[in-house]
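Residue-level listing of the chains:
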Amino acid sequence: MKVNYGSSIPISTVDWHGRVSVVFFLRKCPFRCPYCQNHELLVESKMEDIAVLEKAINKSRPFVSSIVVSGGEPFMQKKACQHLARFAKDNGLLVGIHTCGYYPEVVVEMIYEGLVDKFFIDVKSPLNDPGMYSRAIGCCETQAAVECTGVDPEEVVKNVSESILTVMRSGLELELRTTVIRDFIGDADDVSRIAASISELTGKRDVTYVIQQGIPEHAMLESMRDIRPYSRDEMLGLAAAAHGFLDDVWVRTKESGNEKVQWESF
Ligand code: SF4
């Protein structure tokens with residue numbers, strides 16, 4: 001089997017908090033987020049025999065407990081994801097998937113086949129605001145460096161919401177996350193609205209929600225590359241905005257890695 005393959009990290013401690021993983025980045029994505037740091041994965045193709053990835057898993061296996069399949073959007077290559085997940089499971093490893101949530105039918109299939117242990121789903125803007133979501137994913141963004149794929153923002157928010165609810169119903173581990181970029185997406189008001197939309201969708205306050213510090217230095221959109229990333233203190237301020245609706249809030253920064261926010265210290 002061939003896979004449109006980007007790259008891998010043999011040993012990572014940041015892509016699945018609390019676990020050591022080997023991480024694979026698959027190519028192609030239906031979105032065109034202007035801040036995307038993996039934009040070369042969106043446009044170029046490199047077909048590789050999946051045996052190369054199996055070999056990489058075997059090499060990392062003594063040092064890791066899991067694989068993470070990321071991208072791009074891994075579910076654009078469902079068969080490759082299924083193959084890798086089966087291979088990992090046959091070798092005693094857990095499987096995590098980073099997804100933009102656009103393919104709920106693949107989420108269902110992967111769960112049904114028992115191939116995933118944890119989903120990490122992006123919530124790029126409030127789930128009840130297709131217009132804002134459209135901006136976040138670069139839908140029809142004329143300045144974008146890479147042409148948009150013409151996804152329908154209404155369908156995007158519907159699909160992302162469905163993916164989230166499907167994982168929640170399955171009882172599998174779930175992390176929702178938002179990448180925040182100053183002056184683009186993720187000020188306190190945006191984060192509060194995103195958290196509110198998650199809580200409204202799921203009917204829960206205890207969903208794990210991670211606010212990720214966007215580093216625009218390598219953004220797809222050239223004009224974004226000079227934007228100053230939020231500092232850790234500013235990120236904690238954004239976490240406080242989310243806390244109006246959610247309790248299990250984390251911040252992920254270059255400086256301090258993954259931190260669960262302790263509300264008592266606020
Ligand atoms: S940041 Fe956006 S465009 Fe880039 S891989 Fe993720 S979902 Fe796709």
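Rules used throughout
Residues numbered from 1 in each chain as written. Predicted model: local features only at pLDDT ≥ 70, side-chain atom pairs only at ≥ 80, totals over all residues. Helix = DSSP H or I, 4+ residues; strand = E, 2+ residues; numbered from the N terminus. Buried ≥ 20, exposed ≤ 12 C-beta atoms within 10 Å, placed from the backbone. Contact = placed C-beta atoms within 7 Å. Near = placed C-beta within 6 Å. Nonpolar A, V, L, I, M, F, W, Y, C, P; charged D, E, K, R; others polar. Pairing = 2+ DSSP bridges. Axes fitted to C-alpha atoms, helices over the stretch in contact; angles between N-to-C directions.

**Describing the environment of Ile198**
In step 1: Mapped onto the elements of the fold, Ile198 is located in helix H7 (residues 188-202).
In step 2: Since 23 C-beta atoms lie within 10 Å of it, Ile198 is described here as buried.
In step 3: Taking the C-alpha atoms as reference points, Ile198 and Tyr112, 86 residues apart in sequence, are found 24 Å from one another.
In step 4: The contact partners of Ile198, leaving out residues within four places of it in the chain, are Val123, Leu127, Leu176, Val207, Tyr209 and Leu246.

**Side note on the site of the ligand**
In step 1: All residues adjacent to the ligand are Cys29, Phe31, Arg32, Cys33, Cys36, Asn38, Leu42, Gly71, Gly72, Glu73 and Cys100.
In step 2: Considering only residue class, the shell around the ligand consists of six nonpolar, three polar and two charged.

**Section: the sheet that holds strand E6 (residues 118-122)**
In any sheet, the strands associate via hydrogen bonds between backbone groups, in a parallel or an antiparallel arrangement.
In step 1: Here ten strands make up an open sheet; going across it, the order is E3-E1-E2-E4-E5-E6-E7-E8-E9-E10 and the pairing mixed. The sheet is open, and its two borders are formed by strand E3 (47-49) and strand E10 (257-260), each paired with just one other strand. Ignoring strand direction, the axes of neighbouring strands in this sheet form an average angle of 25°.
In step 2: Here strand E1 (residues 2-12) runs beside strand E2 (residues 21-26); their pairing, made up of five bridges, is antiparallel. Among the inter-strand pairings, Ile9 is bridged to a residue of E2, identified as Val23.
In step 3: Contacts from helix H8 (residues 232-242) reach strand E7 (173-180), strand E8 (209-213) and strand E9 (249-253) within the one sheet, and its direction differs from that of E9 by about 160°.

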